[in-house]
Amino acid sequence: MKVTKTVLTVLLLGVCACALARRETLYNEHYIGPDENQPWEEQAVPMPAYPAGNEQWADIYISQTYHGQPKLMLNSIQINTDHTIHYILNQQSDQGINNLTAEAIHCPTRRMKVFGYGDDVNKRWIQPRNSQWKVIGTSLNQLDKVRSVLYQTFCEDGLPRNQQELIKRITTRAMR
């Protein structure tokens with residue numbers, strides 16, 4: 001009986017030691033996705049046509065305290081094979097001033113890039129001097145609230161399979 005208690009105590013202590021020695025992480029280190037080991041290459045995408053005035057815009061809901069009126073041009077959204085989604089965004093101010101940007105979100109890395117700023121007077125895109133992919137932020141640390149909502153709309157649950165799924169996501173996730 002005493003030997004059994006000693007063996008059980010040693011086994012229990014061993015299990016506890018293993019549990020304490022295990023490194024705690026917030027993600028599964030052992031899962032390797034289908035293309036995580038392959039380097040990502042950005043595809044060259046031409047700049048979209050400047051909005052002519054007859055486009056479909058969807059108002060994006062950020063929060064009750066968010067000032068401004070962000071809008072997404074529905075017929076500008078492109079889903080590419082490099083896991084990026086290109087779109088035109090209008091972050092209209094409270095005074096109604098348009099701030100157009102042609103952008104993309106790379107879903108696997110949670111990054112966004114501005115490809116052009118809208119010149120509303122001359123109706124053209126102005127390319128930034130140094131356009132880089134920038135981290136959007138997490139849902140707990142929303143540095144850029146508009147892009148965080150767009151990331152949640154476009155990228156959570158994987159890329160949309162078709163235009164119908166994309167429109168459904170926009171109406172249920174971004175336009176509340």
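Reading the values: rules and limits
Residues numbered from 1 in each chain as written. Predicted model: local features only at pLDDT ≥ 70, side-chain atom pairs only at ≥ 80, totals over all residues. Heavy atoms only, no water. Buried < 20%, exposed > 50% of the residue type's maximum accessible area, 1.4 Å probe, protein only. Helix = DSSP H or I, 4+ residues; strand = E, 2+ residues; numbered from the N terminus. Pairing = 2+ DSSP bridges. 1 Å grid on protein atoms, 1.4 Å probe; cavity = no way out; pocket = protein on both sides within 12 Å on 5 of 7 lines; lining within 4 Å. Points joined across faces, edges and corners; volume = space filled by probe spheres on them. Nonpolar A, V, L, I, M, F, W, Y, C, P; charged D, E, K, R; others polar. Salt bridge = Lys/Arg side-chain N within 4 Å of Asp/Glu carboxyl O. Contact = heavy atoms within 4.5 Å. Disulfide = S-S within 2.5 Å.

1. Things to note about the pairing of strand β2 (residues 69-73)
Here is step 1: Most of β2 sits inside the fold, with four of its five residues counted as buried.
Here is step 2: Pairing of strand β1 (residues 57-59) with β2 involves three bridges; the strand directions are antiparallel. In the strand pairing of β2, tryptophan 57 is matched with methionine 73.
Here is step 3: Pairing of β2 with strand β4 (residues 84-92), which is carried by four bridges, proceeds in the antiparallel orientation. Across the sheet, residue glutamine 69 finds its bridge partner in β4, namely glutamine 92.

2. Quick word on unusual backbone geometry
Here is step 1: Even without being glycine, lysine 123 reaches a positive phi, approximately 55 degrees.
Here is step 2: Non-glycine residue aspartate 157 carries a positive phi angle of around 70 degrees.
Here is step 3: As for its position among the elements, aspartate 157 is in the loop between α2 (145-154) and α3 (163-174).
Here is step 4: Judged by its relative accessible area of 67%, aspartate 157 falls in the exposed class.

3. Details of the layout of surface pockets
Here is step 1: In this model, the second largest pocket occupies a volume close to 180 Å³.
Here is step 2: In terms of lining residues, the second largest pocket is bounded by 14 residues, among which Pro51, Gly53, Trp57, Asn98 and Leu100 are the most central.
Here is step 3: In the lining of the second largest pocket, the residues fall into five nonpolar, five polar and four charged.

4. Focus on the pattern of salt bridges
Here is step 1: Using the criterion set out here, one finds nine salt bridges in the structure.
Here is step 2: For the salt bridge of aspartate 120 with lysine 123, the shortest nitrogen-to-oxygen distance reads 3.6 Å.
Here is step 3: Note that glutamate 165 is salt-bridged to arginine 169, the shortest N-O span being 3.0 Å. Taken together, the residues span about one helical turn, with glutamate 165 and arginine 169 both in helix α3 at a distance of four residues.
Here is step 4: Each member of the salt-bridge network shares a partner with another, and the members are Glu103, Asp144 and Arg147.

5. Some thoughts on the environment of arginine 111
Here is step 1: Along the chain, the position of arginine 111 falls in strand β6 (residues 111-119).
Here is step 2: It is 9.5 Å that separates the C-alpha atoms of arginine 111 and threonine 84, two residues lying 27 residues apart in sequence.
Here is step 3: Other than its neighbours up to four places away in sequence, arginine 111 contacts Ala104, Ile105, His106, Trp133, Lys134, Val135 and Ile136.

6. A short note on the state of the cysteines
Here is step 1: In total, this model carries one disulfide according to the counting rule given.
Here is step 2: For cysteine 107, the disulfide goes to cysteine 155, at an S-S distance of 1.9 Å. Taking the sign of the S-S torsion, -65 degrees for the link of cysteine 107 and cysteine 155, the bridge is left-handed. Placement of the pair is cysteine 107 in the loop between β5 (100-106) and β6 and cysteine 155 in the loop between α2 and α3, with a sequence separation of 48 residues.
Here is step 3: Under the relative-accessibility criterion, cysteine 107 is labelled buried at 10%.

Purely geometric numbers; function is a separate question.
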